[in-house]
There are 2 protein chains.
Amino acid sequence: MAQNTAIKVNETSRSAVGRDGVLDIAARLFREQGYGSVSLRKIAEAAGIKAGSIYYHFGSKDEIVAAVLDAGIRVVHASMRDAITDLRADTDGETVLRAAIRAHLHALLDVSDYTSANVRIFGQVPQSVRDANLPTRRAYEAEWDSLLSQLKKDGTLKQDVDIRRLRLMLIGTLNATLDWFDPDRGSADALSRTYADVFLNGILQRQDT
Amino acid sequence: MAQNTAIKVNETSRSAVGRDGVLDIAARLFREQGYGSVSLRKIAEAAGIKAGSIYYHFGSKDEIVAAVLDAGIRVVHASMRDAITDLRADTDGETVLRAAIRAHLHALLDVSDYTSANVRIFGQVPQSVRDANLPTRRAYEAEWDSLLSQLKKDGTLKQDVDIRRLRLMLIGTLNATLDWFDPDRGSADALSRTYADVFLNGILQRQDT
DNA sequence: GTCTATATCTGGATAGAC
DNA sequence: GTCTATCCAGATATAGAC
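Residues numbered from 1 in each chain as written. Chains lettered and ligands numbered in written order. Predicted model: local features only at pLDDT ≥ 70, side-chain atom pairs only at ≥ 80, totals over all residues. Heavy atoms only, no water.

By the naming in an unreviewed UniProt entry, chain A is TetR family transcriptional regulator, taken from Roseovarius atlanticus.

The next subject is the overall build of chain A. Scanning chain A from N- to C-terminus turns up ten helices and zero strands. Listed N to C, the secondary structure of chain A is α-α-α-α-α-α-α-α-α-α in terms of helices and strands. Each principal axis of the C-alpha distribution contributes one length, and for chain A these read about 75 × 40 × 30 Å. Within the span of chain A, comprising 209 residues, buried residues form 45% of the whole. Pairs at least 24 apart in sequence give 68% of the contacts found in chain A among residues at least 6 apart. Placing the 27 positive and 28 negative side-chain charges of chain A at their respective mean positions leaves the two points 5 Å apart. (Helix = DSSP H or I, 4+ residues; strand = E, 2+ residues; numbered from the N terminus. Buried < 20%, exposed > 50% of the residue type's maximum accessible area, 1.4 Å probe, protein only. Contact = heavy atoms within 4.5 Å. Lys, Arg positive; Asp, Glu negative; His and termini not counted. Charge placed at Lys NZ, Arg CZ, Asp CG, Glu CD.)

Our focus in this paragraph is the relation of the copies chain A and chain B. The operation relating chain A to chain B is a screw motion whose rotation component is 180°, with 0.0 Å of axial translation and a residual RMSD of 0.0 Å. Here the copies are linked by what is in effect a two-fold axis. In this assembly, 100% of the residues forming the interface of chain A have copies in chain B that are likewise at the interface, indicating an isologous arrangement. (Least-squares fit on C-alpha atoms with pLDDT ≥ 70 in both.)

Counting 76 residues, the largest nonpolar core has L97 and W144 of chain A together with L97 and W144 of chain B as its most contacted members. Leave out the neighbours within four places in its chain, and W144 of chain A touches M80, L97, A100, I101, H104, R167, L170 and I171 of chain A. Within the second largest apolar cluster, 28 residues are counted, among which are V38, L69, F122 and V129 of chain A. (Core = buried A, V, L, I, M, F, W, Y, C linked by side-chain atoms within 4.5 Å.)

This part takes up the protein's contact with DNA strand D. In the vicinity of DNA strand D lie 14 residues, with K50, S53, Y56 and H57 of chain A together with R41 of chain B positioned nearest. Of everything in DNA strand D that lies within 4 Å of the protein, sugar and phosphate atoms constitute 64%. Between DNA strand D and K50 of chain A there is a distance of 2.5 Å, counted from a phosphate oxygen to a backbone nitrogen or oxygen. R41 of chain B is positioned such that a nitrogen or oxygen atom in its side chain is 3.4 Å from a base nitrogen of DNA strand D. (Near = heavy atom within 4 Å. Polar contact = N/O pair within 3.5 Å; in protein donor to acceptor, adjacent residues only side chain to side chain.)

For the rest of this paragraph, the subject is the interface of chain A and chain B. Contacts between the two partners involve 35 residues from chain A and, on the opposite side, 35 residues from chain B. Summed over both partners, the interface of chain A with chain B buries about 3600 Å², with 57% contributed by carbon and sulfur atoms. At the boundary of chain A and chain B, one finds zero salt bridges. Joining chain A to chain B, the criterion identifies 19 residue pairs in polar contact (both at pLDDT 80 or more). When its residues are assigned to classes, the side of chain A that touches chain B shows 15 nonpolar, eleven polar and nine charged. (Buried area = accessible area lost by both parts, 1.4 Å probe. Salt bridge = Lys/Arg side-chain N within 4 Å of Asp/Glu carboxyl O. Nonpolar A, V, L, I, M, F, W, Y, C, P; charged D, E, K, R; others polar.)

We now examine the pattern of salt bridges. Oppositely charged side chains may form a pair once their charged atoms are brought near each other. Residue and element names in this part refer to chain A. Counted according to the given criterion, the structure contains 24 salt bridges over all chains. In this structure, R98 and E94 form a salt bridge, with 3.4 Å as the shortest nitrogen-oxygen distance. Note that R98 and E94 are positioned in helix α6 (residues 93-111) at a spacing of four residues, about one turn of the helix. Of the residues examined, E94 reaches a relative accessible area of 27% and is grouped as partly exposed. Here the residues in one salt-bridge network are R28, R31, E32 and D113, joined through shared partners.

Our next topic: the protein's contact with DNA strand C. L40 and Y55 of chain A together with K50, S53 and Y56 of chain B are the nearest of the 14 residues found near DNA strand C. A breakdown of the atoms of DNA strand C within 4 Å of the protein gives sugar and phosphate a share of 63%. R41 of chain A places a polar side-chain atom, nitrogen or oxygen, 3.0 Å from a base nitrogen of DNA strand C. Contributions of two or more residues to the surface near DNA strand C are made by α3 (40-47) of chain A together with α4 (54-57) of chain B.

Right, let's get into helix α9 (residues 163-176) of chain A. Working note: α-helix, 3.6 residues per turn, so residues spaced by three or four point in the same direction. Residues and elements named next belong to chain A. Between its first and last C-alpha, α9 extends 20 Å over 14 residues, near the 20 Å set by a 1.5 Å rise per residue. Buried residues dominate α9, accounting for 13 of its 14 residues. Among the residues of α9, the N-terminal cap falls to D162, whose side-chain oxygen and the backbone nitrogen of R164 are separated by 3.2 Å. (Expected span 1.5 Å × (residues − 1).)

Turning our attention to the side chain of T173 of chain A. As for its placement among the helices and strands, T173 of chain A is situated in helix α9. Exposure remark for T173 of chain A: the relative accessible area of 0% places this residue in the buried category. When residues no more than four places from it in sequence are discounted, the contact partners of T173 of chain A are Y195 and F199 of chain A together with M169 and T173 of chain B.

Right, let's get into the UniProt feature "DNA-binding region" (unreviewed entry) in chain A. The sites that carry the UniProt feature "DNA-binding region" (unreviewed entry) are, in the present numbering, residues 39-58 of chain A. In this annotation, residues 39-58 of chain A is assigned 60% helix and 0% strand; the end-to-end C-alpha distance for the span is 14 Å. (UniProt positions renumbered as here; feature names shortened; annotations may be inferred.)

Now the structure itself:
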């Protein structure tokens with residue numbers, strides 16, 4: 001009886017990945033191989049089940065991709081928001097901005113297959129799937145706009161910066177690291193410091209130093 | 001006879017796009033729709049011929065994509081190199097860097113379907129096609145590294161910048177504009193000025209001003 | 001140089017047994 | 001919840017006529 005149970009557990013752990021397990025595997029494959037190269041057959045194989053079985057959990061491939069994309073933004077959004085709300089109320093603006101940058105890169109490069117999958121495949125999925133992901137993205141963009149507006153208001157940032165353009169430049173720059181980041185060449189944390197340095201102070205040698 | 005010729009010309013201009021014409025159309029479609037969504041049938045239809053006819057000009061779809069990718073880098077490389085070699089020998093470093101940034105964005109956003117197609121679909125094509133494009137990319141990267149090294153040497157840039165990392169950040173940032181750039185909201189030229197400002201001086205309000 | 005016709009393959013999706 | 005079997009659409013690629 002005890003042995004019987006043990007066998008059942010083994011069988012379960014191998015095949016009954018469940019809906020969330022399938023999503024985890026799909027996110028990892030999308031991050032590694034892109035959207036077009038990942039078929040339902042590949043996802044099923046990696047999950048240890050057959051392609052047809054996927055349809056017990058999801059109605060279509062689009063439904064899987066949409067779920068991955070939404071989770072990807074939610075993770076990075078939570079990471080960035082937590083990072084700045086955890087700070088003391090009197091923290092200076094520069095430190096807050098550095099924390100937000102670090103949190104975004106951390107989610108993208110260290111933590112989440114969902115976030116990296118989103119960044120990698122968003123431009124490859126059908127229009128309808130992109131559209132479904134837009135509300136979630138807008139919420140994250142609004143969080144950044146809110147932060148940057150505050151930093152502009154309190155005098156941390158130059159007064160002539162365009163908030164929207166700065167946000168697009170910032171997130172675009174951070175996301176682009178996904179194409180070449182290699183943990184063997186330096187941590188995401190160190191990278192975030194370099195990026196913050198450049199954004200905050202520029203790369204020009206200054207006479208006044 | 002004159003009419004006969006006219007008819008022939010019309011027929012020719014509609015269907016005999018030739019190898020280069022097919023490439024132009026393929027580049028435009030890849031830029032607009034990505035790699036996976038563009039079939040040979042779509043390319044052929046846009047070119048006014050049938051899918052099978054493509055194989056008179058190319059041996060495979062990969063061959064088309066590879067040609068588009070290579071041309072894309074060659075165009076932006078030439079644009080950037082010309083921009084900096086056209087300057088007087090005594091031009092200050094900051095101006096040279098601004099010219100290089102402007103040239104890259106100009107090729108990407110204003111001029112070339114090939115360059116924008118490359119940036120958009122490089123991460124979507126089969127590994128073998130990516131590999132075939134690498135030598136061309138390396139040459140362009142070397143051009144940037146050479147420029148940045150010179151600017152570091154002559155004291156334009158901070159002495160602690162990592163050339164490779166700065167190049168990756170710079171090109172990644174510029175390429176990311178492709179995802180959202182809208183000519184109705186401002187020219188690529190104006191955008192390049194904003195980007196150069198941020199990279200050179202940062203976004204922090206300075207006390208010493 | 002382009003056409004038609006077709007071979008071959010792969011992918012998403014469904015139905016019904018277990 | 002998962003399997004097998006199968007349908008169907010769409011894609012690359014080839015062959016031979018014109």
